[in-house]
Amino acid sequence: MTSQNPPPPPADGPPAAGSVGLSVVVPAYNEEDRLAPSLKAIRAHLDAEGPDTWELIVVDDGSTDGTADVVRAAAAEDPRVRLLGSPANRGKGHAVRTGVLASRGRRVLVTDADLAAPIAELPLLTARLDEGAAAAVGSRALPGSRIGIRQHALREALGRAGAGVIRALAAPGVRDTQCGFKLFEGDRARIAFAASRLNGWAFDVEILRFFRQRGWAVAEVPVRWDHRPGSKVRAPAYAAVLGDLVRLRIRAVHPAGPAIAGLYLLLALFLYGGLWAAPNAAYLVDSASDQQQWEWFFAVTADNVAHLRDPFFTDLQNHPYGVNLMANTAMLGVSVPLAPLTLALGPHVTWAVVLTGGVAATAWAWYRLLAKRFVRARWAAALGGGFCAFAPPMVSHGTAHPNFAVLFVIPLIIERALRLCEGRRIRRDGVILGLLLVYQVFLGEEVLLLAVTGLLLFAFGYAVAAPAAARAAAGPLLRGLGVAAAVAVPLLAVPLYRQFFGAQSYHSVLHGSVGNNPMALLEFATRSLAGDEHKAAALSLNRTEENAFFGWPLVLLATVLVVRMRRRPLVRALGFTALAAAVLSLGRDIPLPGTVHTLPGPWRVVGELPLFESVIESRTAMVCVPALGILLALACDRAAARRPRGDREQSRRLLAWAALAAALVPLLPTPYRTVERAPVPAFVADGHWRDHVRPGRTLVPVPVPDPGQVAALDWQVRADFGFALPGGYFNGPYGPDRRGIYGPVPTVTSELLKKVRETGRTADVDERTRRAFGRDLATWRADAIVLPPQDQGAPLRETLQRLTGRAPERVGGVWVWDVRDGV
């Protein structure tokens, strides 16, 4: 295999690297007709305005014409001109690498043989290196760029498209990587090219990426540029560049990355193993009615997509009033893209995929943010990312609330906001932030509100801790947020209008005061290794709302970490964020442990703000999760960077690792329990319902579906939404002020049948009750009433016989009353 390095110079020949002021490297392939005037122009400019010492290196990349003869003639006139050659055409990247590695200049200019960017533009690049940049690249895409002779329109379009792909895949922040006019610091250029591997047209991208990864400043400079006939770039070159970019991305993957991603996925599979053992039959015990509700949302969204129906509304549940899907947790951001999976394998599989893949993706997104922005040690980032996705509050919601567990977009939003603070590409980063915000709205609005709350708390804490840095970041951040708003508002205008003002919209949700007990911050959750389900139950709303439960060892460790690392403004801001969020989560009235007294909480003020009136205040403790995760990652990274000296420091190090283990091991999550779901009655499963319910009409299950009785939602999914249902499990309006409630507005019939099931006593039915029953059936557009086997089946059947005035028919394992002609 031919070496990429040129042969060494003779011992008595050229001086060592760095002893020449400027090296100019010109790659050439079959440039006999264009090269001579270019070399003459370069020499004339360098003699007139260049450094005291310079060299001009032309690399003949296996030319088949007289290119080498042209260079030899120039070298005969001026010994500062050097010719290097390759026995065969290896590509522009190989030629430039050969020239740069043979260079000796304190600075190295790489320019094309056609001088499309004139050598007279060199002072513009030199000025940027004088200001401290490590590289200055000529650009045709900046406002000050001057294009004289333009390319063909198609080539320009392909160039712009290619530049966009390059920025997205490999070189963010550089608009024009392919302009052949670049000036580098010599030593850094030789380091970068020695590490490069690409021989083709994308070599520029590889070099610029190397500079960015090393933290070496790259300045993009507008220059004059004229298209020259005879370009060597042909159509296949675009495909070759794309292939090189893909190879760059593959090589850029850190070796630990796939292993960490696999670890997160294995942990998620460990938690949801019961679901995957039988995805069509397993039901998460702790999810109560929520799993069925979510599966129904996934199924109805897929049905809407398949039939090109309104994605924001359906009347298949709560018929005829319907359900505002935008105002419910339909999670259109995943339910729409996964509609093909739902249609092919069913919503039960989609439910398992969303939970398992979403939780693992969330951990990975936090890991990437930590590794990129906060810590150097990959394992420290992995630990912090894992905590952010698998902390007790996240595990609690992971059993029933994917909108609070699948949060992979939140770290992306935070990372983009941090980019805006740097003020580099405000417009581009603002657009991306706006799109991310739009997507998160379709994943979960409440969690976005909590994330914004956490970011505001952090911003306040950081502004107090580092006011000068905060002031410097405020301007570009606010401008970027303005761009994000300009992108997001038009895209969200219709969906949000439908949510807040459309059919079945509501405002605020009646959930009462649900603040955390202060002891919940110190105890362990049900699904934690050290958890006690009885203690957790006494301190939480239910198992899906164990929103704190960090355990006293972690709370103590976090306090110690903030104190020990308090010199860093970042740490002080994180500590303030965690503390403020914890206090907010205690609600309107904070109980004093061991007494009957309470203190007024700050939620009394926050809870009155728009949107916050619908937030379950105990969920604010979830803001503590990323704050604690970042603190843990910072502490581990600090410990990894410090090498203990002596036995005393070694003992302290061991004590620190022991404290970390004591804080985190008790919080390790345990697998979710599953049971076999109730089978769908043969009346539905075998299609008997088709003989009793006409298209567009309603099947009335008994009891009428509500948040506590959701089995009929599974029937409807099994029947491919062939019938509508009254009632159901959703959020909708109640009363003239349209306050939000869980489930349907109660009716005479639904309340009567519910009471019979709860008491086990047959209801007394008078004429007034019978008329109300008839009105409810007419409103529901009912064709059949179905009573499946259940507790209190006998009194329910007797009550329905009294209401309908007729005996039922036994079909497919259920009792059926045909009410197509009324009662």
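Before reading further, recall that the structure is shown in the block above.
Bear in mind that the values here come from a model prediction, so they are computed numbers and not experimental data.

Novice: In this structure, what is going on with the overall build of the protein? I would like to understand it.
Specialist: What the protein contains, in helices and strands, is 32 helices and 22 strands. Its C-alpha atoms put the protein at 115 × 65 × 45 Å along the principal axes. Sorting the 823 residues of the protein into buried and exposed places 52% on the buried side. Restricting the contact set of the protein to residue pairs at least 6 apart, pairs at least 24 apart contribute 78%.

Novice: It is not clear to me how the packing of helix α11 (residues 290-306) against helix α14 (residues 347-373) should be interpreted in this structure. Could you clarify?
Specialist: What describes two packed helices is the angle between their axes and the distance between those same axes. Look at α11 against α14: their axes get within 9 Å of each other, and the N-to-C directions meet at 105 degrees. With respect to each other, α11 and α14 are oriented roughly perpendicular. Judged by residue contacts, Q291, W294, E295, F298 and A299 of α11 engage P347, H348, T350, W351 and V354 from α14. Within the contact of α11 with α14, the residues separate by chemical class into 6 nonpolar, 3 polar and 1 charged.

Novice: Please explain the pattern of salt bridges as it appears in this structure.
Specialist: Side chains carrying opposite charge are able to pair once their charged atoms draw close together. Taken as a whole and assessed by the stated rule, the structure comprises 40 salt bridges. Put simply, R498 and D310 hold a salt bridge, and the shortest N to O gap is 2.4 Å. Highlighted residues: R498 in helix α21 (residues 467-501) and D310 in the loop between α11 and β11 (313-314), separated in sequence by 188 residues. Overall, the relative accessible area of 25% leaves R498 in the partly exposed class. Looking at D310, the relative accessible area reads 31%, which means it is partly exposed. E767 serves as the salt-bridge partner of R770, at 3.2 Å between the closest nitrogen and oxygen. Within this pair, R770 and its partner E767 are both found in helix α31 (residues 767-780), separated by 3 residues, close to a single helical turn. In this structure R770 comes out as partly exposed when scored by relative accessible area, which is 27%.

Novice: Sorry if this is basic, but what is going on with unusual backbone geometry here?
Specialist: Most peptide bonds are trans, and most residues other than glycine sit at a negative phi. Looking along the chain, the bond that leaves H319 and enters P320 is cis, with omega of 5 degrees. Residue P703 follows V702 across a cis peptide bond; omega there is -5 degrees. For P703, the location among the structural elements is in the loop between β17 (698-701) and α29 (711-718). The phi dihedral of F549 is positive, around 55 degrees, even though this residue is not glycine. Structurally, F549 is set in the loop between α22 (533-538) and α23 (552-564). Of note in this structure, L611 is not a glycine but carries a positive phi near 80 degrees. Position of L611 among the secondary structure elements: in the loop between α25 (603-606) and α26 (624-641).

Novice: Looking at this model, I keep getting lost on helix α2 (residues 67-77). Mind explaining?
Specialist: Each full turn of the α-helix corresponds to 3.6 residues, which orients residues three or four apart in the same direction. All of the buried residues in α2 are T67, A68, V70, V71 and A74. Buried residues along α2 cover an arc of 160 degrees about the axis, so they all sit on one side. Facing away from the buried surface of α2 by more than 90 degrees, the exposed residues are D69 and A76. Residues of α2 that are buried sit in contact with β1 (20-28), α1 (32-49), β2 (54-60) and β3 (81-85).

Novice: For this particular structure, what's the right way to read the environment of V704?
Specialist: Of note, V704 is situated in the loop between β17 and α29. Among the residues examined, V704 registers a relative accessible area of 6% and is labelled buried. Spatially, the C-alpha atom of V704 lies 71 Å from that of R645, the residues being 59 residues apart in sequence. The residues contacting V704, other than those within four sequence positions of it, are P726, G727, S750 and W780.

Novice: Help me understand the sheet that holds strand β4 (residues 105-111) in this model?
Specialist: The strands making up a sheet associate through backbone hydrogen bonding, with each pair oriented either parallel or antiparallel. What the 7 strands build is an open sheet, ordered β3-β2-β1-β4-β7-β5-β8; its pairing is mixed. Each end of this open sheet is capped by a strand with a single partner; those strands are β3 and β8 (218-222). Strand after strand, the sheet turns through a mean of 20 degrees between neighbouring axes, direction not considered. Taken together, the 5 bridges between β2 and β3 define a ladder with parallel strand orientation. Looking at the pairing, V59 lines up with L84 of β3. Contacting β1, β4, β5 (135-139), β7 (181-185) and β8, helix α4 (residues 122-130) crosses the sheet at an angle of about 30 degrees to β7. In the packing of helix α7 (residues 203-213) onto the sheet, contacts are made with β5, β7 and β8, and the angle to β7 comes to roughly 35 degrees.

Novice: Where do I start with the environment of P518 in this structure?
Specialist: Relative to the assigned elements, P518 resides in the loop between β13 (507-509) and α22. Measuring from C-alpha to C-alpha, the distance between P518 and R104 comes to 68 Å, with 414 residues separating the pair along the chain. Excluding anything up to four places from it in sequence, P518 contacts L586, I590, P591 and P593.

Novice: Looking at this model, I keep getting lost on empty space enclosed by the protein. Mind explaining?
Specialist: Over the atoms rolls a probe the size of a water molecule, and its path tells where empty space is left. In total, this model carries 3 cavities of 30 Å³ or more according to the counting rule given. Quantified by volume, the largest cavity comes out at close to 70 Å³. As for the largest cavity, its lining consists of 13 residues, of which V110, K182, F184, F203 and D204 are closest to the centre. Elements with a contribution of two residues or more to the lining of the largest cavity: α3 (92-102), β4, β7 and α7. Of the residues in the lining of the largest cavity, the class split is 7 nonpolar, 2 polar and 4 charged.

Novice: Looking at this model, I keep getting lost on the nonpolar core. Mind explaining?
Specialist: In terms of nonpolar packing, the biggest core is built from 142 residues, with W296, F387, L554, L634, F683 and L699 touching the most fellow members. Residues within four places of F387 in sequence aside, it is in contact with L554, V625, L628, G629, L632, L664 and L667. Counting residues in hydrophobic clusters, the runner-up holds 31 residues, among them L22, A28, W54 and A136.

Novice: When you look at the sheet that holds strand β18 (residues 731-734) in this model, what are you seeing that I'm missing?
Specialist: Taken together, the 3 strands give an open sheet; going across it, the order is β13-β19-β18, and neighbouring strands pair in mixed fashion. Both outer strands of the open sheet, β13 and β18, are each paired with one neighbouring strand and no more. Here the strands of the sheet are splayed against their neighbours by 45 degrees on average, with no regard to which way each runs. The pairing of β13 with strand β19 (residues 739-742) spans 2 bridges and is classified as parallel.

Novice: I would appreciate a short explanation of the side chain of D114 in the present structure.
Specialist: Counting through the fold element by element, D114 comes out in the loop between β4 and α4. At 3.1 Å, the side chain of D114 and the backbone nitrogen of A116 are in polar contact.

What counts, and where the lines are drawn
- Residues numbered from 1 in each chain as written.
- Predicted model: local features only at pLDDT ≥ 70, side-chain atom pairs only at ≥ 80, totals over all residues.
- Heavy atoms only, no water.
- Helix = DSSP H or I, 4+ residues; strand = E, 2+ residues; numbered from the N terminus.
- Buried < 20%, exposed > 50% of the residue type's maximum accessible area, 1.4 Å probe, protein only.
- Contact = heavy atoms within 4.5 Å.
- Axes fitted to C-alpha atoms, helices over the stretch in contact; angles between N-to-C directions.
- Parallel < 35°, antiparallel > 145°, perpendicular 65-115°, else oblique.
- Nonpolar A, V, L, I, M, F, W, Y, C, P; charged D, E, K, R; others polar.
- Salt bridge = Lys/Arg side-chain N within 4 Å of Asp/Glu carboxyl O.
- Arc of directions from axis to C-beta.
- Pairing = 2+ DSSP bridges.
- 1 Å grid on protein atoms, 1.4 Å probe; cavity = no way out; pocket = protein on both sides within 12 Å on 5 of 7 lines; lining within 4 Å.
- Points joined across faces, edges and corners; volume = space filled by probe spheres on them.
- Core = buried A, V, L, I, M, F, W, Y, C linked by side-chain atoms within 4.5 Å.
- Polar contact = N/O pair within 3.5 Å; in protein donor to acceptor, adjacent residues only side chain to side chain.

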